[in-house]
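# A closer look at the structure
In case you want the letters, here they are:
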Amino acid sequence: MIQNYEHCLHLLLEHEGGFVNHPSDPGGMTNLGVTKKVYEDWVGREVSEQEMRDLTVDDVAPIYKNNYWDRGSCDELPSGVDWCVFDWGVNSGMSRSAKALQRIVGVEADGGIGPMTLRAVEEMAPEEIIVPMHKARQEFYEGLSTFDTFGRGWTRRNDETLEAALEMAV
């Protein structure tokens, strides 16, 4: 829902934390959840490690709005469903999140949340989408080769997303 962006951004930033550069993370250097590659694409040039370390919420908020929230049509999704789509999209790619939503609501999983997907979403209660999104996300995580390294954190994040989404849906 349109009024949920700021709340969802706040929840997201609680999950994402600060600067990290874990050698097992394929995203590489990341701050406030934004990878070096995503930030370089956003600013249109190469950036240094110091620039990545210095990122602020004001620097990353427009990236989240444009590249994730808007791309996922989150303004048009029911409260709670928007949070699930947004958080998983940031964590694992909007296409993966969108396709999971589409499979759950029974439309072609093409990764683009358009009118057909939105109509199908409207025909279901938010909880009927939120709970299967949580399950699909967990199955995705458990299938990754880095689950032994990052699985505990991913599972906690997924569970927290479920809890907040269900609270938002009422």
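The rules behind the values
- Residues numbered from 1 in each chain as written.
- Predicted model: local features only at pLDDT ≥ 70, side-chain atom pairs only at ≥ 80, totals over all residues.
- Heavy atoms only, no water.
- Helix = DSSP H or I, 4+ residues; strand = E, 2+ residues; numbered from the N terminus.
- Rg over C-alpha atoms; globule rule 2.2 N^0.38 Å.
- Buried < 20%, exposed > 50% of the residue type's maximum accessible area, 1.4 Å probe, protein only.
- Areas by Shrake-Rupley, 256 points an atom, 1.4 Å probe, with all protein chains shown as cover.
- Lys, Arg positive; Asp, Glu negative; His and termini not counted.
- Charge placed at Lys NZ, Arg CZ, Asp CG, Glu CD.
- Phe/Tyr/Trp six-rings, centres within 6.5 Å; stacked < 30°, edge-to-face > 60°.
- Contact = heavy atoms within 4.5 Å.
- 1 Å grid on protein atoms, 1.4 Å probe; cavity = no way out; pocket = protein on both sides within 12 Å on 5 of 7 lines; lining within 4 Å.
- Points joined across faces, edges and corners; volume = space filled by probe spheres on them.
- Nonpolar A, V, L, I, M, F, W, Y, C, P; charged D, E, K, R; others polar.

### Describing the overall build of the protein
Secondary structure summary: the protein contains nine helices and two strands in total. Counting helices and strands in the order they occur from the N terminus, the protein gives α-β-β-α-α-α-α-α-α-α-α. Radius of gyration (C-alpha) of the protein: 16 Å, near the 15 Å computed for a compact globule of 170 residues. C-alpha atoms of the protein, sized along the principal axes, occupy 50 × 35 × 30 Å. Relative to its 170 residues, the protein shows a buried fraction of 47%. Split by element, the accessible area of the protein, about 8,800 Å² in all, is 50% carbon and sulfur. Placing the 15 positive and 30 negative side-chain charges of the protein at their respective mean positions leaves the two points 6 Å apart.

### A short note on the packing of aromatic side chains
Each aromatic ring pair is specified by the distance between its two centres and by the angle formed by the two planes. In total, this model carries 10 aromatic pairs according to the counting rule given. The interplanar angle of 45 degrees and the centroid separation of 6.0 Å between the aromatic rings of Phe140 and Tyr141 together place this pair among those described as tilted. Residue classification places Tyr141 among the buried positions, given a relative accessible area of 1%. Centroid distance Tyr141 to Trp154: 5.1 Å. Interplanar angle 15 degrees. Geometry classified as stacked. Of this pair, Tyr141 sits in helix H8 (residues 126-142) while Trp154 sits in helix H9 (residues 147-169), placing them 13 residues apart in sequence. Comparing Tyr141 with Trp154, the two get one shared label, buried. These aromatic residues form a ring-pair network of at least three members: Tyr5, Tyr64, Tyr68, Trp69, Trp83 and Phe86.

### Remarks on the side chain of Arg157
When you line up the elements, Arg157 lands in helix H9. For Arg157, a relative accessible area of 6% puts it in the buried group. Non-local contacts of Arg157, meaning those with residues more than four positions away in its chain, are made with Leu12, His15, Glu16, Asp87, Val90, Asn91 and Arg137.

### Here we look at the layout of surface pockets
Approximately 980 Å³ is the volume found for the largest pocket. Elements that contribute at least two residues to the lining of the largest pocket include exactly helix H1 (5-16), strand S2 (34-35), helix H5 (81-92), helix H6 (94-105), H8 and H9. Partitioning the lining of the largest pocket into residue classes produces 13 nonpolar, 15 polar and eight charged.

### What about empty space enclosed by the protein?
Under the criterion given, the structure shown has one cavity of 30 Å³ or more. For the largest cavity, the full set of lining residues is Cys84, Trp88, Ile130, Met133, His134, Arg137, Asn158, Thr161 and Leu162. Listing elements by their share of the lining of the largest cavity, those giving two or more residues are H5, H8 and H9. When residues of the lining of the largest cavity are assigned to their parent elements, the largest contribution, four residues, is made by H8. Taken together, the residues that form the lining of the largest cavity break down as five nonpolar, three polar and one charged.

### Quick look at the environment of Met94
Of note, Met94 is situated in helix H6. Sequence separation of Met94 and Glu163 is 69 residues, and the distance between their C-alpha atoms is 21 Å. Excluding its chain neighbours within four sequence positions, the residues that come into contact with Met94 are Asn67, Tyr68, Arg71, Gly72, Val85 and Gly89.

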